[in-house]
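Below, each chain spelled out in residue letters.
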Protein chains: 2
Amino acid sequence: MATTIDDVARAAGVSTSTVSYVLSGKRPISAPTRQRVERAIRELGYRPHAGARALASSRTNVLALMAPLRVDVNVSVIMQFVTGVVTAARAYDHDVLLLTADEVAGMERVASGSMVDALVMMDIEADDPRVPVLVGLRQPAVLIGLPRDPEGLSCVDLDFEAAGRLAVRHLARRGHRRVALLGSPRAVLERHTSYADRMLRGFTQEVADAGLEGVTEPCESSMAGAVEAVDRVLERLPDVTGLVVHNEVALPWVVATLRERGRHVPDDVSVVAVCPPDVATNQPLPLTSVDIPAHTIGKVAVEMAMARVEADEPAETRLLAPVLVERASTGTVVG
Amino acid sequence: MATTIDDVARAAGVSTSTVSYVLSGKRPISAPTRQRVERAIRELGYRPHAGARALASSRTNVLALMAPLRVDVNVSVIMQFVTGVVTAARAYDHDVLLLTADEVAGMERVASGSMVDALVMMDIEADDPRVPVLVGLRQPAVLIGLPRDPEGLSCVDLDFEAAGRLAVRHLARRGHRRVALLGSPRAVLERHTSYADRMLRGFTQEVADAGLEGVTEPCESSMAGAVEAVDRVLERLPDVTGLVVHNEVALPWVVATLRERGRHVPDDVSVVAVCPPDVATNQPLPLTSVDIPAHTIGKVAVEMAMARVEADEPAETRLLAPVLVERASTGTVVG
DNA sequence: CGTTGCCGTCGAAGCGATTCGATGCTCGGG
DNA sequence: CCCGAGCATCGAATCGCTTCGACGGCAACG
């Protein structure tokens, strides 16, 4: 079990460095030698010791992922980010160390302890306190989200601003003149979480540009929160005809509440959801939605991180263009 | 940045071993010396190199968590397991390496590569192919779930069998004679996933013991699946009065479908959910439920793993007793 | 036929910690 | 006054791997 590279070398009748080069491919090894070594590796069931490797090469083949593991919001979206990151990391022969967002010291610990080659951070806020810390680290970091000042870090996310505009434009084109945004919970907005801020901005701007009438309401991630938010919207803008909903958990309750208040979807009110496609389709009425490609974003984040690990390319910011899929929840305003 | 233990030793005017002993506390160090060393550590911002430490001590302070990151089922439960594991691990000064369940080779990789001190596996099946592999590893493993034969591994889980009995007994005590179980998706059952099997067994046995009439139906985790499952139950047992639902995602649709089919909850049909409390309460009607204490289970799993790392205690199996909380969805059958 | 140059392999020096014996003190007891 | 026992500290070996310079042999070249 505790076989070392020396055991392999002995078994294959070569030096340890030769074994190492067979493994890494960093120097040419003749075919016969390579085969002898590979056979020895196989027969002994040899695996290099990760710690020793990290020590000698100063590469750990691990990357840190800091995820908001609170249960409050969009759990399924988070899950998709995480799977995206994990599977992409494996493609680069890396494993993923999971850090929780409430442990800010964690990233310093794993980074200065040389436990990881790079860091991926989710749930970025406008003035995220983690950003300055990340800047000082030896390892590259990728932010999923967009702080006010990236300070030279790489960022990737859905272009939520464009997503907001897109949703409004979709409604406007269908003749809607009074629209509302049911957004993130108040706490998320007050933290100035990047995606919530940008969504709000995109919505507001397009409403203004298109000369529409619009209101925005925060929405807690619960049934009660959804009911309350819908009622507030109906109170502030009684003849609203278009609703943009950016809150997974509230989504089903929003639609249900509208119906209870006598508004039929899509005949009276059109609904555009901003969520992963599976959430949009797994509703009584399949919802027109702007996709949140969480899995892809996670994957891209890893790719950007790896690019900076392998060749220290400059940081960049990538915003994925939103895509709207029309389903059964949006219609045209007649008259 | 790249400060080593030697830098610290030099700055404090002591030998490297002294610094090491200050850090680990494994040998007595006089107060003045300790303070000089601690000061040097602080001023240099020194952190031990994880790889070097792992190499020398053969302890990595990392544990592996294998989680089913498919999006299909009970995402929020999984999330709670994960947070439970991560926070508990931190209490033991460990970090968590996240493995996906679809990569069975992963656990061998991280274990024989000495990347982790222990492994925690979620989503165990009756004849889980991972079990024999885990048995052969150097590191201890803890299963969340109960395979047919644990082969000397530690196991921990909610006692789902007792949970099933408890739910049925609750209904029986209230006069229900015809009950049904809406369980896991067919795929989960066919894999003989531990919790689903045991739930089913507990339900079935208690139905028999109490002399009730009972049917069980699998239930896909979607709205369509819930509707279908409810309809099947109503077809097989038209005058059913008690329903045990063990499927987070389907839960809201089950209740909604019952209402649509003209059965009022709890007047016509009582519903007992098996899920975390927050899911049960965040419904239009607060649901009587048997709690799934995912966070606690994750925590216990880590504690068991750490116990075996630090002192190799024998393996044990721990089943947490279920607790039923009565809310608004269950009533008494009159007449 | 003697060089030059390249290819494949080896040896040894780290990487940054832990840990075990050894050592120099001081202190108390005989 | 000397010796043994502790206590605090040190030195050196060790963990398992990577990597760089060196080296032997063979082919091609003049």
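Everything that follows concerns the structure shown earlier in this document.
Now for a description of the structure that goes with this document.

Reading the values: rules and limits
- Residues numbered from 1 in each chain as written.
- Chains lettered and ligands numbered in written order.
- Predicted model: local features only at pLDDT ≥ 70, side-chain atom pairs only at ≥ 80, totals over all residues.
- Heavy atoms only, no water.
- Disulfide = S-S within 2.5 Å.
- Buried < 20%, exposed > 50% of the residue type's maximum accessible area, 1.4 Å probe, protein only.
- Helix = DSSP H or I, 4+ residues; strand = E, 2+ residues; numbered from the N terminus.
- Contact = heavy atoms within 4.5 Å.
- Expected span 1.5 Å × (residues − 1).
- Arc of directions from axis to C-beta.
- Least-squares fit on C-alpha atoms with pLDDT ≥ 70 in both.
- Near = heavy atom within 4 Å.
- Polar contact = N/O pair within 3.5 Å; in protein donor to acceptor, adjacent residues only side chain to side chain.
- Nonpolar A, V, L, I, M, F, W, Y, C, P; charged D, E, K, R; others polar.
- Axes fitted to C-alpha atoms, helices over the stretch in contact; angles between N-to-C directions.
- Parallel < 35°, antiparallel > 145°, perpendicular 65-115°, else oblique.
- Left-handed = near helix turned anticlockwise from the far one by under 90°.

1. As for the state of the cysteines
Covalently bonding the sulfur atom of one cysteine to the sulfur atom of another cysteine gives a disulfide.
Residues and elements named next belong to chain B.
Working step 1: All chains considered together, the criterion is met by zero disulfides over all chains.
Working step 2: Cysteine C275 remains unbridged, with the sulfur of C219 as its closest cysteine sulfur at 13 Å.
Working step 3: For C275, a relative accessible area of 0% corresponds to the buried category.

2. Overview of the side chain of S76(A)
Working step 1: Position of S76(A) among the secondary structure elements: in helix α5 (residues 75-91).
Working step 2: Setting aside residues up to four positions removed in sequence, S76(A) forms contacts with E248(A), V279(A) and V75(B).

3. What about helix α3 (residues 31-44) of chain A?
Residue and element names in this part refer to chain A.
Working step 1: Over its 14 residues, α3 extends 20 Å from the first C-alpha to the last, a length consistent with the 20 Å expected when each residue adds 1.5 Å.
Working step 2: Here α3 has its buried residues at T33, V37, A40 and I41. The arc enclosing the buried residues of α3, seen along the axis, measures out at 100°, which places them on a common side. Looking at α3, the residues exposed on the side facing more than 90 degrees away from the buried face are P32, Q35, R39, R42 and E43.
Working step 3: Positive backbone phi, approximately 60°, marks G45, located one or two places after α3.

4. Regarding the relation of the copies chain A and chain B
Working step 1: The two copies are related by a screw motion: chain A maps onto chain B through a turn of 180° and a shift of 0.0 Å along the axis, at an RMSD of 0.1 Å. Look at the turn and shift together and you get a two-fold axis relating the two.
Working step 2: Take the interface residues of chain A: 100% of them recur as interface residues in chain B, which is what a same-surface contact looks like.

5. Concerning the protein's contact with DNA strand C
Working step 1: Surrounding DNA strand C, one finds 29 residues, the nearest of these being T18(A), T33(A), I5(B), Y21(B) and R27(B).
Working step 2: For DNA strand C, the backbone makes up 53% of the atoms found within 4 Å of the protein, where backbone means sugar plus phosphate.
Working step 3: Separating a base oxygen of DNA strand C from a side-chain N or O atom of R27(B) is a distance of 2.2 Å.
Working step 4: Tallied by class, the residues present in the surface near DNA strand C amount to 13 nonpolar, 11 polar and five charged.

6. Quick word on the packing of helix α11 (residues 223-236) of chain B against helix α12 (residues 251-260) of chain B
Residues and elements named next belong to chain B.
Working step 1: Look at α11 against α12: their axes get within 8 Å of each other, and the N-to-C directions meet at 50°. On the basis of their axis angle, the class for α11 and α12 is oblique. Judged by the twist between their axes, the crossing of α11 over α12 is right-handed. When α11 is examined against α12, the residues M223, A226, V227, V230 and D231 are found in contact with a partner set consisting of W253, V254, T257 and L258.
Working step 2: A per-class count over the contact of α11 with α12 returns seven nonpolar, one polar and one charged.

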